[in-house]
Amino acid sequence: FCSQSLNTYMMYMGSEGIHSHTFVYEQKSTCPVCTTHVHRMALSPSTTLNALLQQLCEGEFRLKSPSVTTSSKTLYMRKPAALEKATKGNLDKPLNELINSGEELTITDPVFHDTSLQLIVTFE
């Protein structure tokens, strides 16, 4: 049991003797896993949903198979197959037909396990 005020962590490696190393993990303030930071992205209104998903996969988040929802509707879901079939038509639509500028999107992905990424998209 550790104190709530401890700011260090110990790593034990004991295969051939004992060695311990105490260090402080640095937390990135915009990490989507360990913070509740709402991310912002400015895009052209003509950007398609598919292009946004590509940016999320290739950019700083390095997602694998993202799904996107808003507070009121599902824009694209990869699984189950029935939902993917129902939302696949949104992939080629421009974002300004699907959402309003400044609207918050919830992005889920297997990379996040039990959490999600909050993203506010504004149009340039």
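Conventions adopted
- Residues numbered from 1 in each chain as written.
- Predicted model: local features only at pLDDT ≥ 70, side-chain atom pairs only at ≥ 80, totals over all residues.
- Heavy atoms only, no water.
- Core = buried A, V, L, I, M, F, W, Y, C linked by side-chain atoms within 4.5 Å.
- Buried < 20%, exposed > 50% of the residue type's maximum accessible area, 1.4 Å probe, protein only.
- Helix = DSSP H or I, 4+ residues; strand = E, 2+ residues; numbered from the N terminus.
- Contact = heavy atoms within 4.5 Å.
- Pairing = 2+ DSSP bridges.
- Axes fitted to C-alpha atoms, helices over the stretch in contact; angles between N-to-C directions.
- Arc of directions from axis to C-beta.

Help me understand the nonpolar core, please; the structure alone is not making it clear to me.
Ranked by size, the top nonpolar core spans 21 residues in total, and within it Leu-49, Leu-52, Leu-56, Leu-105 and Ile-107 carry the most contacts. Counting only elements with at least two residues in this core, the list comes to β3 (39–43), α1 (49–58), β5 (74–76), α3 (95–98), β6 (103–108) and β7 (117–123). The element contributing the most residues to this core is α1, with four residues. Beyond its immediate stretch of four places on either side in the chain, Ile-107 contacts Leu-56, Leu-63, Pro-66, Ser-67, Val-68, Phe-112, Ser-116, Leu-117 and Leu-119.

Can you walk me through the pairing of β3 in this structure?
Within a regular strand, the side chains alternate between the two sheet faces. Judged by which residues are buried, β3 turns out to be one-sided: His-39, Met-41 and Leu-43 face inward and are buried, whereas Arg-40 and Ala-42, on the alternate face, are not. The pairing of β3 with β7 spans five bridges and is classified as parallel. Of the residues in β7, the one forming a bridge with Ala-42 is Thr-122.

Can you help me understand the sheet that holds β5 in this one?
Working definition: the strands of a sheet are paired by backbone hydrogen bonds and lie parallel or antiparallel to each other. Spatial ordering of the open sheet is given by β3-β7-β6-β4-β5, a layout of five strands whose pairing is mixed. In the strand order of this sheet, the two ends are held by β3 and β5, each with one partner. On average, each strand axis in the sheet is tilted by 30° relative to the strand beside it, whichever way the strands run. Across the sheet, α1 is in contact with β3, β4 (67–69), β5, β6 and β7; its angle to β3 comes to roughly 130°.

I keep staring at α1 and nothing clicks. Help me out?
In an α-helix there are 3.6 residues to a turn, and that puts residues three or four apart on one side. Listing the buried residues of α1 in full gives Leu-49, Leu-52, Leu-53 and Leu-56. Each buried residue of α1 lies within a common arc of 100° when the element is viewed along its axis, so the set occupies one face.

Help me understand the environment of Gln-55 in this model?
With respect to the secondary-structure elements, Gln-55 resides in helix α1. We classify Gln-55 as partly exposed; its relative accessible area is 39%.

Is there a simple way to think about the pairing of β6 in this case?
A one-sided burial pattern is seen for β6, the buried positions being Glu-103, Leu-105 and Ile-107 and the unburied ones Glu-104, Thr-106 and Thr-108. Where β4 meets β6, three bridges bridge the pair, whose relative direction is antiparallel. Of the residues in β6, the one forming a bridge with Thr-69 is Thr-106. In this structure, β6 lies alongside β7, joined through five bridges in antiparallel fashion. Pairing of Ile-107 across the sheet is with Leu-117, part of β7.

Just to check I follow, could you spell out unusual backbone geometry for this structure?
What is expected of a backbone is that most residues other than glycine have negative phi and most peptide bonds are trans. Cis geometry marks the peptide bond from Lys-79 to Pro-80; its omega dihedral reads -5°. You can see Pro-80 is positioned in the loop between β5 and α2 (81–87). A positive phi angle, close to 50°, is found at Arg-62, a residue other than glycine. Positive phi, close to 55°, is recorded for His-113, a residue that is not glycine.

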